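Remarks on the overall topology
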Amino acid sequence: MNGWTLAATVGLAGGLGTALWGVATGPLRRRVVAQNLSTALACPGLLLLSQAYGRPSYVDLGLVLALLGPVGTLVFARLLADELAEDPPRAWGPTWAVAGLGAATVIALCVATGPSRAMVKLLVIGALLIGGNVIASRALSGGFRGVRRG
Amino acid sequence: MADAVIVVALLLVAASATVAVVTRDPVRQALVLAVLGVVLAVLFTVLQAPDVGLSQLAVGSALTPLLLMLTVRKVRRRGQEKGRGR
Amino acid sequence: MTRRARLWLLLAGGAGLAVLFAAACLKLPAFGGDRHPYGDRAVRASLARHTANTVSSVNFDQRAFDTLGEMTILFAAVLGCVVLLRQTRDEHRAAPEPAEVALPVRRYALIVLPVALVSGLYVVAHGQLSPGGGFQGGVVAATALHLLYLGADYRALERVRPVGRYEVGDALAASAYLVTGLAGLIGSAAFLANTILPYGTFNTLSSGGTVPLLNAAIGMEVACAVVVLLARFLDQAVEIEGEGGS
């Protein structure tokens, strides 16, 4: 077992475990935030697994999750806009903490990869992931105020 | 020891699938299902089936929540219309 | 049948299933073992046809006929949805209202839309090389279009999504798969045989014979099918209203 596998195991167990607990209990505003953070935590885990198995092509999973994970949260933010407007989530602390974790993972992987096209791909994934999750968090706390129906 | 990550993924899948079954409200169930999709993708990856994992991510992270939430919205609107008609 | 008898029947059936499952599990090869008779043959066949991703080789070459069946299932499922979710006589359409979306969210949607579309095409095109393929890439590309609904409003999406053309595209892609399969009859005597095209250089975009072509057909079919499916759901949720509705 190498260090990358260990990091992925600890990250996935702790991160997704917490996200699962958050999405299973509590008011709706906590559940949507936990759903958003679950993708933000799983994506670095998938990237670490790709490095752990020595298979650069597994990075595609991270790419797809970084693209579609925030889109999934936008779906909830848009179609639950009424419920969330009454009781808006405020979770900037966890959002930025998870974004920092994702950034640290991507930087560590970039250092391990060295300058190449693979590194550019990792940086694109990192930017999409962090940007996407911060925007999704913004959308959850009042991004769709003007949506009545439609 | 290298199997630890497989055990973690299996436990996460079992836990989130159970939560998805015991959650009754469709909206909250859709949220749990989105997390279950991500966890399943991780399980497929650690079992060295990235093709299946990619399918799961593509379908489970945005498409399934969108279909479920649109259905919930339609059913709720229909319920409101019926309530007003009475 | 009384409730009690039904319960006993269920318990008996469940117990039988549990016994069969346990018996089957005991005969399975050990978890993570090194004996894979089918896997070894599949890898050998895919290497012989210069296809780097063995899963793609199985899906679109060795078992391409099964994929034809799966494609038909998706086609029929979407067709069923289109019929079930049509606008009935006692329903009418109300124009969707424009939505005010926060500026960062709107910008994000407009930036990510082309990126996700290109990623979808990338996943389709690299199906024979890395994990992915027509199905995965098609779903990603189709989901990307719906960022217009999420980031703007339904009218913006309707402008770039003439549903009729996507329905035609769905049917065309399904027939492209069939035609590629029939072309296999020219080179050899088998439907969907991977013999008409050169296998190319291993691990390049043009390798694998007909695998990239079939991948592209599936990608187009899935993307069009998902767009048509979501269009019906969105119509029902946003536009179509019952008699005297809000």
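About the thresholds
Residues numbered from 1 in each chain as written. Chains lettered and ligands numbered in written order. Predicted model: local features only at pLDDT ≥ 70, side-chain atom pairs only at ≥ 80, totals over all residues. Helix = DSSP H or I, 4+ residues; strand = E, 2+ residues; numbered from the N terminus. Contact = placed C-beta atoms within 7 Å. Rg over C-alpha atoms; globule rule 2.2 N^0.38 Å. Buried ≥ 20, exposed ≤ 12 C-beta atoms within 10 Å, placed from the backbone. Nonpolar A, V, L, I, M, F, W, Y, C, P; charged D, E, K, R; others polar. Axes fitted to C-alpha atoms, helices over the stretch in contact; angles between N-to-C directions. Parallel < 35°, antiparallel > 145°, perpendicular 65-115°, else oblique. Left-handed = near helix turned anticlockwise from the far one by under 90°. UniProt positions renumbered as here; feature names shortened; annotations may be inferred.

1. Regarding the overall build of chain A
When its secondary structure is counted, chain A shows 6 helices and 0 strands. Ordered by position in the sequence, the α and β elements of chain A form the string α-α-α-α-α-α. Along the first, second and third principal axes, the C-alpha atoms of chain A reach 50 × 30 × 20 Å. Residue pairs at least 24 apart in sequence account for 75% of intrachain contacts in chain A once pairs closer than 6 positions are excluded.

2. Quick notes on the overall build of chain C
Helix and strand counts for chain C come out as 10 helices and 2 strands. Going residue by residue from the N terminus, the α and β elements of chain C occur as α-α-α-α-β-α-α-α-α-α-α-β. A compact globule built from 246 residues should have a C-alpha radius of gyration of about 18 Å, whereas chain C, at 23 Å, is more than 25% larger. If you line up chain C on its principal axes, its C-alpha atoms span 65 × 65 × 40 Å. Taking all 246 residues of chain C together, 38% fall into the buried category. Relative to all contacts within chain C whose residues are 6 or more apart in sequence, the contacts with residues 24 or more apart total 70%.

3. Considering the interface of chain B and chain A
Each partner contributes residues to the interface: chain B has 32 residues there, and chain A has 34 residues. Those elements that place two or more of their residues in the side of chain B that touches chain A are α1 (4-22), α2 (26-46) and α3 (50-85) of chain B. The greatest single-element share of the side of chain B that touches chain A, amounting to 12 residues, is contributed by α2(B). For the side of chain B that touches chain A, a count of residues per class yields 26 nonpolar, 4 polar and 2 charged.

4. Points about the packing of helix α6 (residues 117-140) of chain A against helix α5 (residues 103-125) of chain C
At a minimum axis distance of 9 Å, the contact between α6(A) and α5(C) shows a crossing angle of 140°. The angle between the axes of α6(A) and α5(C) places the two elements in the oblique class. In the crossing of α6(A) with α5(C), the sense of the turn from one axis to the other is left-handed. Residues Gly131(A), Ile135(A), Arg138(A) and Ala139(A) of α6(A) lie in contact with α5(C), whose contacting residues are Pro104(C), Val105(C) and Tyr108(C). For the contact of α6(A) with α5(C), the class distribution of residues is 5 nonpolar, 1 polar and 1 charged.

5. Comments concerning the UniProt feature "domain: MrpA C-terminal/MbhE" (unreviewed entry) in chain C
Summarizing the sequence annotation, UniProt attributes the feature "domain: MrpA C-terminal/MbhE" (unreviewed entry) to residues 3-93 of chain C in the numbering used throughout. Within the segment residues 3-93 of chain C, helix and strand shares are 74% and 2% respectively, and the terminal C-alpha atoms sit 45 Å apart.

6. Some remarks on the UniProt feature "transmembrane region" (unreviewed entry) in chain A
All names here are of chain A. Those residues carrying the UniProt feature "transmembrane region" (unreviewed entry) are residues 61-81, 93-112 and 119-140 in this numbering. The distance separating the terminal C-alpha atoms of residues 61-81 is 29 Å; by composition the span is 95% helix and 0% strand. Secondary structure over residues 119-140 splits into 100% helix and 0% strand, and the C-alpha atoms at its two ends are 31 Å apart.

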